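Tertiary structure, described
What follows is the residue order along each chain.
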Amino acid sequence: ESLDKTHFSLGLQIITPYSNERSTDELQLTSTTFIAIEQIIASRCREIPNPTFRAPLADFLVKAGERSIEMADFPLALKYITYGLDFLGGDEAWGSNFRLSLRLHEAACLACYLNVMPRQVMTFVGKIMENTDSFVDRIKAFYVLTKTLASLGKIKEAVEKIFHILEQLGEEIPNDITPDGIMFVMESTKQLLSRFSREKLLNAPKMTDYKKLWTLRFYDLSAPYLFLVNPTYVPLVECRMAQLSVRYGLCKESAFGLFGYAQCLIQIYQDLDGAHRWTKMARLVLERFNATNMFPKLTCLQYSFVNVWVEPFQATIETMDQCSQDALKIGNVEFAYYSAQFLCIEMALTGSHLEIVERKCVTVSSNMALWKQLHAFMGHLSTHLMILKLGSIDKNPFDIPGVSIKDEDQLLEQSVDRRKTLAQAIYFNRMFVAFYLQQYVYAAEMAEQYKLQRAMIMRFEDIHHSFYEALIGFQLARSPSIDTKKWLDIAEQHVATFRGWIKHSKWNFENKLLLLEAELCLLKGATESSEEKYKAAIESARRHKFVHEEGVAWELLSSYWKKCGKVKEERECKKAAFDCYEKWGAKALLDRLRT
């Protein structure tokens, strides 16, 4: 008890000159004030006997908590903020010191969210709602509340809450989105931004309207959630963010409006050069506002939706891994796990050894469960299952504490009509596995289901869906019991698509296009050209490090030699395919080739 009193007295002696010489608003954090705060906390005293010290100490503590959040020390932040609430007088302080009490409760909401304490978030949000009447005073609590709902997997509820808040901020949210509506908002955005040069961007006024700032923040918050449950809204949201930035000035979130516009340029106009230009402009906005804590998020989006068209797929793996780590360090747990989820997908689809990918999946699953990122978690489980099937690894990815879903069928039941992006991921993963197991009819069914879920925002998986559906189409077009014309038409459409894509990246698309053209030549009777293109596809896949796609090309060439009656060549190609799949770690395919 004597030691506690000494700590308390020493802390007060250090801090008293600061509180006497400055108003609460003028108090600044220094190493000296931090020493004082730690001394007072070390006393384990939760109440301040002298009322004149309460507000200054609470002010110091909320500032210390906010600074700790900036430094990603979330447990320390929560400790400071909790002591600040106690020092100020708890619930009784709402009447005597409303603004400081509100600030402490807002900080407590955020600190609890970052410390993965959803129940405590709800408690602090409830206290803010009980003690405030103004929508403006509640807006920060609403923001953390929606993030918490999403982290618990309540995506639709989070989106509904965001749309309700946006309507209160003066935005009209349409009940339905049509392609014509998207084109209209895209064209109007394009006209506005056509006069927005790099120089104008750097010199544009800052956004000062408080309600418009929060409008932009809630639009930005909604985009990843809408991508999961109703992706047709995403272009509308992103274009509106860009338009608000032009009309009312720039803020940090403006960067994501400009990036969203870049995404739309790819999806709607296939304008990759324009997309790169506006992605660079988005980075300039973050640099202008020194928003270093937002760079991991922008990097995640950039490498997921733009850079995949020009950079080698494998080259982005390291970047996404680092992006995930950087986002987690600053408390952006959502984009930390969006990045990690995309990383696992990218590794699996570009030929990384499946055992390495599986170990990464286990780590990501454990961390997602720990951080309660359920909205990103479910799609990741399906990806993990795909890898386990191909690798013949006897594990259950759903066997994780706190996860109520027990298998992929149950996951799919929950996703239909509520989580279109999740359903799409499941159908893609099933198609991918079925193709490699040569279950072509089932693979075709899954490929068609995938297309039914597709929205305007193009995903990384769309590239691979086009490739594998074309290969499936060529297989089915050879079957007399299948609608040959239908599947040949589908395959030829994908061939035409890859002929357009290859101008963006020879590395990513050359081997795929060569293999599709080999299959097309074979179906049309141009056997000599087919043989040449098979061999060219194999060489290109090897050169560009797509070992699994090299294996596919070897298998198809083996089938070609079998039809030609050349047994030796057939066996050699089959052995080469076996070696490729072995390098990939796809034990299920080795078992298939052995039988």
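Anyway, here's the lowdown on the structure attached to this text. (Residues numbered from 1 in each chain as written. Predicted model: local features only at pLDDT ≥ 70, side-chain atom pairs only at ≥ 80, totals over all residues. Heavy atoms only, no water.)

Remarks on the environment of Leu-166
Among the secondary structure elements, Leu-166 is positioned in helix α9 (residues 155–168). On the accessibility criterion, Leu-166 (0% relative accessible area) is buried. Note: C-alpha distance between Leu-166 and Pro-401 (235 residues apart in sequence) is 36 Å. The contact partners of Leu-166, leaving out residues within four places of it in the chain, are Glu-171, Ile-173, Thr-215, Phe-218 and Tyr-219. (Helix = DSSP H or I, 4+ residues; strand = E, 2+ residues; numbered from the N terminus. Buried < 20%, exposed > 50% of the residue type's maximum accessible area, 1.4 Å probe, protein only. Contact = heavy atoms within 4.5 Å.)

Notes on the packing of helix α16 (residues 295–305) against helix α18 (residues 333–349)
As a packed pair, α16 and α18 sit with axes 9 Å apart at the nearest point and diverge in direction by 25°. As summarised for this structure, α16 and α18 are arranged roughly parallel, according to the angle between their axes. As α16 runs across α18, the sense of the crossing is left-handed. Between α16 and α18, the contacting residues are Lys-297, Cys-300, Leu-301, Tyr-303 and Ser-304 on the first element and Phe-335, Tyr-338, Ser-339 and Phe-342 on the second. Of the residues assigned to the contact of α16 with α18, the class counts are 6 nonpolar, 2 polar and 1 charged. (Axes fitted to C-alpha atoms, helices over the stretch in contact; angles between N-to-C directions. Parallel < 35°, antiparallel > 145°, perpendicular 65-115°, else oblique. Left-handed = near helix turned anticlockwise from the far one by under 90°. Nonpolar A, V, L, I, M, F, W, Y, C, P; charged D, E, K, R; others polar.)

A look at the nonpolar core
Ranked by size, the top nonpolar core spans 206 residues in total, and within it Phe-218, Tyr-436 and Trp-584 carry the most contacts. A per-element tally of this core places α18 first, with 13 residues. Not counting the four nearest positions on each side in its chain, Phe-218 is found in contact with Ile-139, Phe-142, Tyr-143, Thr-146, Ile-162, Ile-165, Leu-166 and Leu-169. The next biggest cluster of nonpolar side chains, apart from the first, holds 11 residues, and it includes Ile-37, Ala-64, Tyr-83 and Phe-87. (Core = buried A, V, L, I, M, F, W, Y, C linked by side-chain atoms within 4.5 Å.)

Let's talk about the packing of helix α8 (residues 135–151) against helix α12 (residues 210–229)
Where α8 contacts α12, the two axes come as close as 11 Å, and the packing angle between them is 5°. For the element pair α8 / α12, the angle class is roughly parallel. On α12, the residues that touch Val-136, Ile-139, Lys-140, Phe-142, Tyr-143, Thr-146, Lys-147 and Ala-150 of α8 are Tyr-210, Lys-211, Trp-214, Arg-217, Phe-218, Leu-221 and Tyr-225. For the contact of α8 with α12, a count of residues per class yields 10 nonpolar, 1 polar and 4 charged.

Describing the pattern of salt bridges
A full pass over the atoms with the stated rule returns 33 salt bridges. The shortest N-O distance in the salt bridge between Asp-137 and Arg-99 comes to 2.8 Å. Residue Asp-137 is located in helix α8, and its partner Arg-99 is located in helix α6 (residues 98–114); the two are separated by 38 residues in the primary sequence. The exposure class of Asp-137 is buried, given its relative accessible area of 10%. What makes Arg-99 exposed here is its relative accessible area of 52%. Notably, a salt bridge pairs Glu-492 with Lys-524, separated by 2.7 Å at the nearest N-O pair. Here Lys-524 lies in the loop between α26 (506–523) and α27 (527–543) and Glu-492 lies in helix α25 (residues 484–501), a separation of 32 residues in the sequence. A relative accessible area of 25% places Glu-492 in the partly exposed class. Each of Lys-506, Glu-510, Glu-539, Arg-542, Arg-543 and Glu-550 takes part in salt bridges that share partners, so that together they form one network. (Salt bridge = Lys/Arg side-chain N within 4 Å of Asp/Glu carboxyl O.)

Re α8
Structurally, the α-helix is built with 3.6 residues per turn, so residues lying three or four positions apart point the same way. Compared with the 24 Å implied by 1.5 Å per residue over 17 residues, the 24 Å span of α8 between its first and last C-alpha is a close match. In the structure, α8 departs most strongly from a straight axis at Ala-141, where the bend amounts to approximately 30°. Within α8, 13 of the 17 residues are buried, which leaves it mostly tucked inside the rest of the structure. Sitting at the head of α8, Ser-134 places a side-chain oxygen 3.1 Å from the backbone nitrogen of Val-136. Gly-153, located one to two residues past α8, shows a positive phi value of around 90°. (Expected span 1.5 Å × (residues − 1). Bend = angle between axes of the 7 residues up to and from the residue. Polar contact = N/O pair within 3.5 Å; in protein donor to acceptor, adjacent residues only side chain to side chain.)

Observations regarding helix α24 (residues 460–477)
With 18 residues, α24 ought to run about 26 Å at 1.5 Å a step, and its terminal C-alpha atoms sit 26 Å apart, in line with that. The buried count for α24 comes to 17 of 18 residues, which makes it a mostly enclosed element.

Comments concerning the side chain of Ser-324
With respect to the element layout, Ser-324 can be found in helix α17 (residues 315–329). Residue classification places Ser-324 among the buried positions, given a relative accessible area of 11%. Dropping the residues within four chain positions of it, Ser-324 is found in contact with Ala-336, Ser-339 and Ala-340.

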